[in-house]
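Architecture at a glance
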Amino acid sequence: MTHSILLFGASGDTGGHAMDQALDRGWSVRAAEPSFSEKFPSHERLETREADLIEGDLAEVMDGVDAVVSAVGLPRDPQTLINPPPLYTEGAVNIISAMRKTGVKRFVTISAAFADPDATVPLWFKAATAPLDRIFRQMAEMERVLRVCEDIEWTAMRPGWLLSRERTGDFEVSLDDLPAGKLRTRRADLAQFMLDCVAEEKHVHERPFIARKESITLETPPALIEELLPF
């Protein structure tokens, strides 16, 4: 079965994978961004629509799709970390409002394993990612918003520490905690899992964790420090 999805965050790392994989599946993609660069790809089944996730009326850009997929993310610059815009909270409220107006029921969005304070995470990782706490708390608040939306068929993805590597498809999923002994999630695998949940109606009203075991060099403090160096 083919699908038509509205994709927020298509210009991002995970969203780009979701867009490419959806097109590879033969789906139609309507990408929604505040603006698009001249280098944004084109495809016969790819439509671009400018939209403000927080303040815009999303009903017009949403009308006619089968599902909404959100892969939006926030930058890690100091100003954003201190006072992150309500991209996840108000963005989710705005998406849900538009879904109710247009009759779209399916919504799959990215949260984070670290939005759950009880997730099993190494102490060194918690300490090193403390600057991201405000963003994680916002994701947790987004999850609370979704949990009371019984009329929306939502799924909130809880990936681990994201990794830019090729797709493997051998990730592990758990509803209780990060899969034992696993901390990292490949963005391409996360994109696949999001689309699988749309296609197969998986994990409706659930918050699945997704991760896979990577080499030790990718799961150590030096690797984290290297990846967080931009901020």
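Our structure's up above, just so we're on the same page.
Residues numbered from 1 in each chain as written. Predicted model: local features only at pLDDT ≥ 70, side-chain atom pairs only at ≥ 80, totals over all residues. Heavy atoms only, no water.

Let's shift gears to the overall build of the chain. When helices and strands are tallied, the chain shows eight helices and ten strands. Relative to the globule expectation of 17 Å for 231 residues, the C-alpha radius of gyration of the chain, 17 Å, shows essentially globular dimensions. Projected onto the principal axes, the alpha-carbon positions of the chain cover approximately 45 × 40 × 35 Å. The buried share of the chain, reckoned over its 231 residues, is 52%. Taking the contacts inside the chain whose residues are at least 6 apart along the sequence as the reference set, 73% of them involve residues at least 24 apart. Of the accessible surface of the chain, which amounts to about 11,100 Å², a share of 48% is contributed by carbon and sulfur atoms. (Helix = DSSP H or I, 4+ residues; strand = E, 2+ residues; numbered from the N terminus. Rg over C-alpha atoms; globule rule 2.2 N^0.38 Å. Buried < 20%, exposed > 50% of the residue type's maximum accessible area, 1.4 Å probe, protein only. Contact = heavy atoms within 4.5 Å. Areas by Shrake-Rupley, 256 points an atom, 1.4 Å probe, with all protein chains shown as cover.)

When the charged atoms of two side chains with opposite charge come close together, those side chains can pair. By the definition in use, this model includes 16 salt bridges. Residue Asp151 is joined to Arg100 by a salt bridge in which the shortest nitrogen-to-oxygen separation is 2.8 Å. Within this pair, whereas Asp151 is found in the loop between α6 (133-147) and β6 (153-159), its partner Arg100 is found in helix α4 (residues 89-102), the two being separated by 51 residues in sequence. For Asp151, a relative accessible area of 32% puts it in the partly exposed group. Where Glu219 meets Lys213, a salt bridge forms, and the shortest distance between an N and an O atom there is 3.0 Å. Taken together, the shared-partner salt bridges connect Asp116, Glu143, Arg158 and Arg207 into one network. (Salt bridge = Lys/Arg side-chain N within 4 Å of Asp/Glu carboxyl O.)

Here His203, not a glycine, exhibits a phi torsion of approximately 55 degrees, which is positive. Although it is not a glycine, His205 sits at a positive phi angle of roughly 60 degrees. Within the secondary structure layout, His205 lies in the loop between α7 (187-200) and β10 (209-211). Owing to a relative accessible area of 36%, His205 belongs among the partly exposed residues under this scheme.

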